[in-house]
Amino acid sequence: MNRILLAILISALASVTIAAKEATITRDTTLYEQPFRDASTVAELDADTAVTIKTRKGGWYQIISPKGEGWVSITTLRLKSVARKNNNDDDASIGQLAGSGGLFSTGRGSTSDEAAATGLKGLEEETIQRSTVRRTLTQQLLDQNAVPGNQARVFARDGKLQSRQLGYPDSISLEPEPSPGEVPAAAAPKQQQKDEDWEF
Amino acid sequence: MHKTVMTTLAASLLAISTSVNASGISFGGFSLGGGDPDDGGTAVDIGELFKAGKNAATLLDEVDLQEEIAFGEQASELLLSSSPLLNNPVVQQYVNRIGRWLSLNAERQNLPWRFGVLDSTTVNAYAAPGGYIFITYGLYQKLNSEAELAAVLAHEMAHVIQRHHVRTLKKNAASGLATSLASANSPSMMTREAANGLRDIWNSGLDKDYEYEADLMGMVIATRAGYDPYGMVAVLQMLDTLRPDDDAVALMFKTHPLPSQRLEELEPQLGILDPYAEQPGLATRFQTVR
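Residues numbered from 1 in each chain as written. Chains lettered and ligands numbered in written order. Predicted model: local features only at pLDDT ≥ 70, side-chain atom pairs only at ≥ 80, totals over all residues. Heavy atoms only, no water.

A count of helices and strands for chain A gives five helices and seven strands. Order of helices (α) and strands (β) in chain A, N terminus to C terminus: α-β-β-β-β-β-β-β-α-α-α-α. Looking at chain A as a whole, 42% of its 200 residues qualify as buried. Put simply, of all contacts in chain A between residues at least 6 apart along the chain, 51% involve residues at least 24 apart. Looking at chain A as shown, the accessible area adds up to about 11,600 Å², and 51% of this sits on carbon and sulfur atoms. (Helix = DSSP H or I, 4+ residues; strand = E, 2+ residues; numbered from the N terminus. Buried < 20%, exposed > 50% of the residue type's maximum accessible area, 1.4 Å probe, protein only. Contact = heavy atoms within 4.5 Å. Areas by Shrake-Rupley, 256 points an atom, 1.4 Å probe, with all protein chains shown as cover.)

In structure tokens, the structure reads:
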């Protein structure tokens, strides 16, 4: 019994259970009995077939199709758009991003299409004035939220996350590191951060 | 001298109010030219540099680590002044734990990686040079698992690792696209135009190839950190369901390639992740954080 429970737990780590979702097959594809390529075929599905997703496991979706249940590769389908909901709350959000100010405020700013078009309105006079005053506070906040390396490692262990050595594909060419430079005379942000050197 | 100029430039990325006083021009605490070095600022004669024929494009050419961090700190200040941090310590700590763990599995570990959740119902994420990573609460709430959240953070980290924003500013200045930046002939003009340059990037988006690169690198970084590699694919598929005319996603759609295009770019690369397909997605841990 314990082994079964353990197996369920382990598979739960790898699979993501999602509420049944409508989706569409994006190209002619094979429906497999199991989530791997060597599994036997259940059916061939045509592009534009409507299906329902039961769950995802790594790079595979378990689906219900007109030709039966099985697994397809994750990229072979497209989730259906949800119906557009009332956007009254969302109008305020563009305004928020467009310059409501305040460190923890949720005030409303301008809410026009213009806001969406121009996005951040960060350099208005008022924002400029306010931002100088708030500079140190904001940096302190970001520092406060930062966690030391040890805490991150414990967090990873709790989630059974294991580091892997994995290189980038050849198409990626890593940008060279810039030269270190000197710490300027003025108060530099606290950034000499080795893992264990964290102070709070 | 160059370094202090860049620090000044970074400090002025917010187009910090300038005041002219008897001892020179001040930019938010940094004095330029003729200031008392002990007044807390870094005195530098930026006027001399302009006389020497240097302009913003040249100065951007050799941004070093300290300058980049200062640059990014000021840029993040800009972002936070228009969109504050979410007042939810549990969520902030959770995102920071994931981010810090990711940073232990990625390049440029000497950066002061900082992570923050913005109090906004828009769906977006931002990166500033130097390692400042932000995700809106609106996007956060649309995710289903920790692996998906890790993918988003790792994508933004990739922008910093590849220095996409600085390279873009450099390119724009040098190619004359940002003619006002390249030909700035006074300190105040240069700093104002540089600030505009960064705002423009956040408003109009990075080169689409940079976005594709960040998707791929982000996916690899999240996988290195032990996460389900397909978190990135799941995020893009979720974004693909959002309607572009929805106000909450307007800016995100304006500044990124279509999710379907991003998926198409990713697909040929997915094979390398097969060995890691069983890694945890941690949907449960994600759901329990409120």
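Now, onward.
Next up on the list: the overall build of chain B. Of regular secondary structure, chain B possesses 15 helices and six strands. Out of the 290 residues in chain B, the part that is buried amounts to 71%. The long-range fraction of contacts in chain B, counting pairs at least 24 apart against all pairs at least 6 apart in sequence, stands at 71%. Summed over all atoms, the accessible surface of chain B reaches about 8,800 Å², with 50% contributed by carbon and sulfur.

All names here are of chain A. Along the polypeptide, Gly149 turns up in helix α5 (residues 149-158). Classification of Gly149 by relative accessible area gives buried; the value is 0%. C-alpha separation for the pair Gly149 and Lys80, spaced 69 residues apart in sequence, amounts to 40 Å.

The next subject is the sheet that holds strand β4 (residues 114-118) of chain B. Residue and element names in this part refer to chain B. An order of β4-β6-β5 is seen for the three strands of this open sheet, with the pairing classed as mixed. This sheet does not close on itself; its edge strands, each paired only once, are β4 and β5 (125-128). Here the strands of the sheet are splayed against their neighbours by 15 degrees on average, with no regard to which way each runs. Here β5 pairs with strand β6 (residues 132-136) via four bridges, running antiparallel. Looking at β6, one finds that Ala127 is bridged to Ile133. With respect to the sheet, helix α4 (residues 65-82) is in contact with β4, β5 and β6, its orientation differing from that of β6 by roughly 20 degrees. (Pairing = 2+ DSSP bridges. Axes fitted to C-alpha atoms, helices over the stretch in contact; angles between N-to-C directions.)

Under the definition given, this model contains six aromatic pairs over all chains. Between Tyr94(B) and Phe286(B), the aromatic rings sit 6.4 Å apart at their centres with planes inclined by 50 degrees, giving tilted as the arrangement. Of this pair, Tyr94(B) sits in helix α5 (residues 89-103) while Phe286(B) sits in helix α15 (residues 283-288), placing them 192 residues apart in sequence. Exposure class is identical for Tyr94(B) and Phe286(B). Each is buried. Three or more aromatic residues link up through ring pairs in this structure, and these residues are Phe155(A), Tyr94(B), Tyr137(B), Tyr140(B) and Phe286(B). Its end group placed over the ring of Tyr168(A), Arg224(B) keeps NZ or CZ at 4.4 Å from the ring centre. (Phe/Tyr/Trp six-rings, centres within 6.5 Å; stacked < 30°, edge-to-face > 60°. Lys NZ or Arg CZ within 6 Å of the ring centre and 35° of its normal.)

Moving on: helix α12 (residues 231-239) of chain B. Of all nine residues making up α12(B), nine are buried, and the element is well covered by its neighbours. Listing the buried residues of α12(B) in full gives Gly231(B), Met232(B), Val233(B), Ala234(B), Val235(B), Leu236(B), Gln237(B), Met238(B) and Leu239(B).

Here we take up the packing of α5(B) against helix α7 (residues 146-161) of chain B. Residue and element names in this part refer to chain B. Packing of α5 against α7 leaves a shortest axis separation of 10 Å and a crossing angle of 60 degrees. Comparing their axes, α7 and α5 come out oblique. Between α5 and α7 lies a crossing whose hand is right-handed. Side by side, α5 and α7 meet where Tyr94, Val95, Ile98, Gly99, Leu102 and Ser103 of the first sit next to Glu146, Leu149, Ala150, Leu153, Ala154 and Met157 of the second. Grouping the constituent residues of the contact of α5 with α7 by class yields nine nonpolar, two polar and one charged. (Parallel < 35°, antiparallel > 145°, perpendicular 65-115°, else oblique. Left-handed = near helix turned anticlockwise from the far one by under 90°. Nonpolar A, V, L, I, M, F, W, Y, C, P; charged D, E, K, R; others polar.)

Let's shift gears to the confidence of the model for chain A. Residue and element names in this part refer to chain A. Per-chain confidence: chain A averages 70 in pLDDT, with 53% of residues scoring 70 or above. Confidence over residues 84-136 falls short of pLDDT 50; this stretch has 113 contacts with residues more than four positions distant or in other chains. In this model residues 184-200 is a low-confidence stretch, pLDDT under 50, and it forms 44 contacts with partners more than four residues away in sequence or in other chains. (pLDDT = per-residue confidence, 0-100.)

Taken together, the side chains of Asp28(A), Glu44(A), Asp46(A) and Asp48(A) make up a negatively charged region of the molecular surface. Turning to its location among the elements, Asp46(A) is positioned in the loop between β3 (41-45) and β4 (50-57). (Patch = residues over 30% accessible without salt bridge, like charges linked within 9 Å, V, L, I, M, F, W, Y side chains within 5 Å. Salt bridge = Lys/Arg side-chain N within 4 Å of Asp/Glu carboxyl O. Lys, Arg positive; Asp, Glu negative; His and termini not counted. Charge placed at Lys NZ, Arg CZ, Asp CG, Glu CD.)

Before going further, it helps to examine the pattern of salt bridges. One pass over the full model with this rule turns up 11 salt bridges over all chains. Notably, a salt bridge pairs Arg78(A) with Asp240(B), separated by 3.2 Å at the nearest N-O pair. Here Arg78(A), found in strand β7 (residues 77-79), pairs with Asp240(B), found in the loop between α12 and α13 (250-255), and the two come from separate chains. Salt-bridge contacts for Arg224(B) lead to Glu107(B); the nearest nitrogen and oxygen are separated by 3.4 Å. A residue pair is termed long-range when its members are at least 10 positions apart, and Arg224(B) in helix α11 (residues 208-224) and Glu107(B) in the loop between α5 and β4 qualify at 117 residues.

Before going further, it helps to examine the pairing of strand β5 (residues 60-65) of chain A. Residue and element names in this part refer to chain A. Buried residues dominate β5, accounting for five of its six residues. Bridge count for β4 against β5 is five bridges, and the pairing is antiparallel. Paired with Lys57 across the strands is Trp60, a residue of β5. Linking β4 to β5, which pair antiparallel, is a turn of two residues; within it Gly58 sits at a positive phi near 60 degrees. As paired strands, β5 and strand β6 (residues 68-73) are joined by six bridges and run antiparallel to one another. By the bridge assignment, Ser65 is partnered in β6 with Gly68. Between β5 and β6, which follow one another and run antiparallel, lie two residues.

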